[in-house]
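# Summary of structural features
Here are the chains, one letter per residue:
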Amino acid sequence: MDIDKMFKMPKLPGGSNKRRMPEAPTPEMLKKMRVDSEGTAAPAPQNGTSDKGKSRATVEDVDEHEERMEPDFAPGGDADYFAEEDEEGRFYGGGLTQEQKDILNIFDQAGEEEAREDLEELSLPGIRRLLKRFERPPTKTRTNGPTDLDAAIKALLPLAQAPLLAYPELVKSGALARLVGLLSHENADIALDVLEVIHELTDEEVGNEIEEGEEGEGTREEALKMLIKGLMENAIFELLVDNLGRLNEAEEADRQGVFQTLGIFENIIGSNADFAPQLVAETSILKWLLDRIQSKANNENGGYAAEIMSILLQNNRTSRLEFGKQDGVETVLKVLSQYRKRDPVDADETEFMDNVFNTLCSALAEPEIKKLFLDSEGVDLMVLLMKEKMQAKSRSIKVLDYAMSGSAGTATCEVFVEALGLKTLFSAFMGKAQKKKNPAAAPASGDASHTLGIVSSLLSNLPSESPARIRLLTKFVENNYEKAEKLLEIRDAAQTRLKSVEKEIEAEKEELIAEGEEIGPEEEALWYLRRLDGGLFTLQTVDYILAWIVMEDDGIRTHVQQMLSRRNRSLKDIIGTLQIYHDNVDEEDVNAQDDGSPSRKEILRNLIAFLEAC
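This structure is a prediction, so every number in the text was calculated from the model and none was measured.

Conventions and cut-offs
- Residues numbered from 1 in each chain as written.
- Predicted model: local features only at pLDDT ≥ 70, side-chain atom pairs only at ≥ 80, totals over all residues.
- Heavy atoms only, no water.
- Helix = DSSP H or I, 4+ residues; strand = E, 2+ residues; numbered from the N terminus.
- Buried < 20%, exposed > 50% of the residue type's maximum accessible area, 1.4 Å probe, protein only.
- Areas by Shrake-Rupley, 256 points an atom, 1.4 Å probe, with all protein chains shown as cover.
- Contact = heavy atoms within 4.5 Å.
- Polar contact = N/O pair within 3.5 Å; in protein donor to acceptor, adjacent residues only side chain to side chain.
- UniProt positions renumbered as here; feature names shortened; annotations may be inferred.
- Phe/Tyr/Trp six-rings, centres within 6.5 Å; stacked < 30°, edge-to-face > 60°.
- Lys NZ or Arg CZ within 6 Å of the ring centre and 35° of its normal.
- Axes fitted to C-alpha atoms, helices over the stretch in contact; angles between N-to-C directions.
- Parallel < 35°, antiparallel > 145°, perpendicular 65-115°, else oblique.
- Patch = residues over 30% accessible without salt bridge, like charges linked within 9 Å, V, L, I, M, F, W, Y side chains within 5 Å.
- Salt bridge = Lys/Arg side-chain N within 4 Å of Asp/Glu carboxyl O.
- Lys, Arg positive; Asp, Glu negative; His and termini not counted.
- Charge placed at Lys NZ, Arg CZ, Asp CG, Glu CD.
- Core = buried A, V, L, I, M, F, W, Y, C linked by side-chain atoms within 4.5 Å.
- Expected span 1.5 Å × (residues − 1).

### Quick look at the overall build of the chain
A count of helices and strands for the chain gives 30 helices and zero strands. Burial status across the chain gives 41% buried among its 614 residues. For the chain, the exposed surface amounts to about 34300 Å²; the carbon and sulfur share of it is 48%.

### Quick notes on the environment of R342
Take R342: it is sitting in the loop between α17 (328-336) and α18 (347-363). On the accessibility criterion, R342 (30% relative accessible area) is partly exposed. The sequence separation of R342 and Q391 amounts to 49 residues, and the corresponding C-alpha distance is 8.4 Å. In this view, R342 contacts E349 and M390; residues no more than four positions away in its chain are not counted. Here the side chain of R342 touches E349 through a polar contact of 2.7 Å, side chain to side chain.

### Let's talk about the UniProt feature "coiled-coil region" (unreviewed entry) in the chain
The positions UniProt marks with the feature "coiled-coil region" (unreviewed entry) are residues 484-518. Taken end to end, residues 484-518 is 89% helix and 0% strand, and its first and last C-alpha atoms sit 43 Å apart.

### Comments concerning the packing of aromatic side chains
This model, assessed by the stated rule, comprises six aromatic pairs. An angle of 85 degrees between the planes, with centres 5.9 Å apart, marks the rings of F426 and F429 as edge-to-face. Residue F426 and its partner F429 are both found in helix α23 (residues 421-429); the two are separated by three residues, about one turn of the helix. Ring geometry for Y544 versus W548: centroids 6.5 Å apart, planes at 80 degrees, classification edge-to-face. Taken together, the positions of Y544 and W548, both in helix α26 (residues 521-552) and four residues apart, correspond to about one turn of that helix. Aromatic ring contacts, followed pair by pair, group F426, F429 and F476 into a single cluster. Sitting over the face of the ring of F134, R178 holds its NZ or CZ atom 4.9 Å from the ring centroid.

### Focus on unusual backbone geometry
In this structure, D327 is a non-glycine residue whose phi angle is positive, near 60 degrees. Within the element layout of this structure, D327 appears in the loop between α16 (317-325) and α17. A residue is classified by how much of its surface remains accessible, and D327, at 52% relative accessible area, is exposed. Non-glycine residue Y481 carries a positive phi angle of around 65 degrees. Position of Y481 among the secondary structure elements: in helix α25 (residues 467-514).

### A few points about the packing of α26 against helix α27 (residues 554-566)
Contact geometry for α26 and α27: axes closest at 5 Å, N-to-C directions at 125 degrees. When the axes of α26 and α27 are compared, the pair comes out oblique. Within the contact between the two elements, α26 uses L546, I549, V550, M551 and E552 and α27 uses D554, I556, R557 and V560.

### Concerning a negative patch on the surface
Taken together, E204, E205, E221 and E222 make up a surface patch of like negative charges. Residue class for E205 comes out exposed when judged on its relative accessible area of 53%.

### Details of the nonpolar core
Residues L159, I236, F373, M382, F416, L458 and L578 are the most contacted members of the largest nonpolar core, which totals 141 residues. In this structure, F373 is in contact with V329, L333, L360, L364, G378, V379, M382, V399 and A403, ignoring residues within four places of it in sequence. Formed by six residues, the second largest nonpolar core is a distinct cluster that contains A494, Y528, L536 and L539.

### So, a positive patch on the surface
Residues R129, K132, R133 and R136 make up a contiguous surface patch of positive charge. Accessibility expressed as a relative area gives 54% for R136, which makes it exposed.

### A few points about helix α9 (residues 188-202)
For an α-helix, 3.6 residues make a turn, and residues three or four places apart therefore share a direction. Under the 1.5 Å per step criterion, the end-to-end length of α9 is 21 Å for 15 residues, consistent within 8% with the ideal 21 Å. Taken residue by residue, α9 has I190, A191, L192, D193, V194, L195, V197, I198, H199, L201 and T202 as its buried positions. Turning to α9, the residues buried within the fold contact α6 (148-154), α7 (163-173), α8 (175-181), α10 (220-233), α11 (236-244) and α12 (252-271). For α9, the side-chain oxygen to backbone nitrogen distance between the N-cap and D189 is 2.9 Å, and the N-cap itself is N187.

In structure tokens form, the structure reads like this:
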């Protein structure tokens, strides 16, 4: 059987004067071209004759040098060759005879069987054979097509489906070291192949359908840790960042390579967060990320870069300080300024914006970053974002909460008042800032918490008797103490939520006691965290604010006492909340700056003492 002849297109009738079809043939014309076994073609006109004015030449007309098509023109006489057409006469069968279709089906089935055999070969001997083929040097290289090395690298992709067996062999055989080394290959396509394989191997979701091994074989998590340890020993971070420099995202393959590189960073850090500081310290990744989020190419990689940067700054002071040294604060503020007059265009850009805001919030945990934020006029920008009432409004409130917290936020608090931020802040606090024509600008559930945090920081940090502090207290007096009443409303809601959580905790305690279990410090700590999430944190912040304003203004104190009595409450309830707050505050954490200012614990003691004396 000659397959080449069989799949060769049939030769059409020749002739120098062959008629040509229009570019867009109609279904009727296609029907005329069909070979009807019951019909005959129209006779060709004799040379030198013509039928003037009688009829136009049809598709069935044939040149005198052409032979007439025979009814069995289709190869093999297969009627299906032309018979497959839809209602409008369009062919969809592909012009293949039944015999040709059968041969293609045989090839498809063979491919499926080969794939099944590949999966079956993911045994230890099969994996070792695969790794040996990878370790052999390539025998040929073609510039415009796949190479032996390409194929050898991509052949490693199925190993992700058998991590328990494959990953230890990858490390022990030295194949992993060779694979990582190919990231610096002079052919960028080879490096892209390596990125694809490493991204697949480090993905914790891949291979999860494979059951854990038998006793002694370990788990997939252990195998993944072994693989990542091997990657780290071969300087994977440095090679990945170096490789980023030669990828051009204007090319689809390179754009995918950047995405996979960022995915590898996320996979490795996801397995062990301690690798994040190492990535920042040993590479120039922060500089690359800061450059990338400024790029006008607002594609998926820009959002991914912002997410990775947010992850890197979550829990490490050294990384945050390096972020400051790289002019990260200035860069982030520049990126965020675009959302003063417009909202993100879609969900992807919203996620990008959120990650950039989160990056700034994480960095602001450090006093040095707070100073850079102040010097870069970050407070002024956040106040402007609050006033515009776009989607960035709630994020800007969160940033200000972080920037003004602690004694290192004192200067920020003063600048905030000077920038006329109080009016906008209390407008949001009272719920007057919703913009009906833009539902996305409505306050999020976390806005109230961050707004309370800002007020708490203002009361803690603004100097006594300063103009800024007097302006703050005036806000609680104006409009017949409406803001003090708003605080009491928030307090009632928080107490209601907390009561429900308290009932659940009490039931759990009773169950443990009935079972003879001991209730230790660990259980108590977990229950306290649940209470905080269930309303206690909001209650503590509100009572802290109430204690301050009651202590500093007689009119406010009288009004608050009256409103509490109507609820069958008194200042003793506030004292009880503050005492719990005091007992759970770590002295070292609240005044880490050691700048002579009173710690939160000391402030709480003074507030409790004053309220007890009332």
